[in-house]
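A structural walkthrough
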Amino acid sequence: MRLRHSDYDFWAKTQSKARYNLATSGVASFPLRELPVTIEQLEINGDSTYGYAPLQHAIAKKCGVDSDCVVAAEGTSMANHLAMAALIDPGDELLIEEPTYELIESCALYLGAAVKHFRRREEDGFAVDPAEIRRVLTPKTKLIVLVNLHNPSSALIPNQILREVGDLARSVGAHVLVDEVYLDAVYENTPRSAFHLGPEFIVTNSLTKIYGLSGLRCGWILAEPSLARTMYRLNDLFAAIPAHPAELLSVIAFENLHRIREWARRIVEADRDLLRKFLDQEKKISATRTDFGTTCIVRLKNGNVDQLLDRLRSEYETTAVPGKFFGLPHHFRIGMGVDTTMFGQGLRRISRALETV
Ligand SMILES: Cc1ncc(COP(=O)(O)O)c(C=O)c1O
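Residues numbered from 1 in each chain as written. Predicted model: local features only at pLDDT ≥ 70, side-chain atom pairs only at ≥ 80, totals over all residues. Heavy atoms only, no water.

1. A word on the site of the ligand
What surrounds the ligand is a group of 15 residues, the closest being Thr76, Ser77, Asp179, Tyr182 and Arg217. Taking Lys209, its side chain carries an N or O atom lying 3.1 Å from an oxygen atom of the ligand. Side-chain polar atom of Arg217 to an oxygen atom of the ligand: 2.7 Å apart, as the coordinates give it. About the coverage of the ligand: the protein hides 95% of its 400 Å² of free accessible area. Of the residues forming the shell around the ligand, the biggest block, four residues, is contributed by helix α3 (residues 75–87). (Near = heavy atom within 4 Å. Polar contact = N/O pair within 3.5 Å; in protein donor to acceptor, adjacent residues only side chain to side chain. Areas by Shrake-Rupley, 256 points an atom, 1.4 Å probe, with all protein chains shown as cover. Helix = DSSP H or I, 4+ residues; strand = E, 2+ residues; numbered from the N terminus.)

Structure representation (structure tokens):
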């Protein structure tokens, strides 16, 4: 039987909320009142068939690509689904990093892919090792999937490594899908999209995580034009046309993108300062540290993570994501960027819970 659900998403939708919610991956919601928009600028229906032209242009401009390389999608979630569905047939071999964002793998399994894994090792800071990919690559490989910044560790994949992965893919006629939903949380010297590295790269992204605009569901795929058209035609089977008010609001969001990003950056950076101090003090945990991203994966050196997280929830009103959803049963993931007072309180509560581990 094909997989038809995601355990992680079910947990996130039903179990992650708490007064001190450190189980997040995106920044705080950007308030609608902060967007310079009036009701007169909105309309219910519009001219969106295979993309709403002003939004296609806005995405293309941000990414430095031609509009015909852009496929608008409902969040990075649908972008990943469409990209994979356009590229693989049931039984095709697909290589996924491990640990990874569970929904990408669940979606690949739902599509009937023959999923193989390559390891991103904690002792290497969860870096991508092209030798690991070479080890599992075969002439049957159709797609290699990476997330940059990595979820859960926020590790950045350098361009040199991405190029090596691109070379490997090209050698067997495969593509590389890079989910870049967290990449704009590299606030200094933000890397260009991997799409620019070569024709084997396909990229997905959205305004959800780093801009606090999840409700707009403004996501996209970058792919070479003929593949982009295939993806748009495929989307006819799923979403047909997008919600037009969301498209209009997304165009306005793009006009204000720098301000929105800077607003979120202040929260993320304040939270990261608190996280650094917390990690320096806590001897019962270790973590892969980065200077960017909104998530941090933490290892509990001794003790049971499920018990710790249960106590955090029941005694301290605090949540973090169980590492088991990433295949890391001795870890938990902490999210930054929502509310610095809440974040500080949450960390203090984790410290108190750790005292009795
Ligand atoms: C790597 C990754 N891709 C995609 C998503 C979903 O993004 P969106 O809300 O844009 O659908 C998430 C959400 O956590 C994620 O971590």
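2. Re the nonpolar core
Within soluble globular proteins, side chains that are nonpolar tend to cluster in buried spots. Core analysis: the biggest nonpolar cluster contains 59 residues, and Leu207, Trp220 and Phe254 have the highest contact counts within it. No other element matches the six residues that helix α8 (residues 244–255) contributes to this core. Membership of the second largest hydrophobic core comes to 43 residues, among which are Tyr8, Ala23, Ala83 and Leu94. (Core = buried A, V, L, I, M, F, W, Y, C linked by side-chain atoms within 4.5 Å. Buried < 20%, exposed > 50% of the residue type's maximum accessible area, 1.4 Å probe, protein only.)

3. Focus: the pairing of strand β13 (residues 331–335)
Here β13 lies mainly inside the structure; five of its five residues are buried. Residues His331, Arg333 and Gly335 point to one face of β13 and Phe332 and Ile334 to the other, with burial holding for every one of them. Note that strand β12 (residues 321–322) and β13 share two bridges and pair antiparallel. Paired with Pro322 across the two strands is Phe332, which belongs to β13. (Pairing = 2+ DSSP bridges.)

4. Quick look at helix α10 (residues 305–316)
Every buried residue of α10 is listed here: Val305, Leu308, Leu309, Leu312 and Tyr316. All buried residues of α10 fall inside an arc of 95 degrees around its axis, so they share one side. Residues Gln307, Asp310, Ser314 and Glu315 are exposed on α10 and point more than 90 degrees away from its buried face. Of the residues flanking the end of α10, it is Glu317, one or two places downstream, whose phi is positive at about 55 degrees. (Arc of directions from axis to C-beta.)

5. Considerations on the pattern of salt bridges
Scanning all chains against the criterion turns up 20 salt bridges. For the salt bridge of Arg299 with Glu122, the shortest nitrogen-to-oxygen distance reads 2.9 Å. With Arg299 in strand β10 (residues 295–300) and Glu122 in the loop between β4 (114–119) and α5 (130–136), this pair connects stretches of sequence that are 177 residues apart. Put simply, Glu188, Glu262, Arg265 and Glu269 are held in one network by salt bridges that share partners. (Salt bridge = Lys/Arg side-chain N within 4 Å of Asp/Glu carboxyl O.)

6. Topic: the confidence of the model for the chain
Looking at the chain, pLDDT values average 98 and 100% of them are 70 or higher. When mean pLDDT is taken per element in the chain, strand β6 (residues 175–179) scores highest with 99 and helix α1 (residues 7–14) scores lowest with 97. (pLDDT = per-residue confidence, 0-100.)

7. Some points on the sheet that holds strand β5 (residues 141–147)
In space, the seven strands of this open sheet follow the order β2-β8-β7-β6-β5-β3-β4, with mixed pairing throughout. Pairing within the sheet leaves two strands with one partner each, and these edge strands are β2 (70–74) and β4. For this sheet the average axis-to-axis angle between neighbouring strands, irrespective of direction, equals 25 degrees. Of the pairings in the sheet, the one linking strand β3 (residues 93–98) to β4 comprises six bridges and is parallel in character. Following the sheet pairing, Leu94 is matched in β4 by Val115. Along the sheet, α3 contacts β2, β3, β5, β6, β7 (201–206) and β8 (218–222); its crossing angle with β7, the most-contacted strand, is approximately 160 degrees. (Axes fitted to C-alpha atoms, helices over the stretch in contact; angles between N-to-C directions. Contact = heavy atoms within 4.5 Å.)

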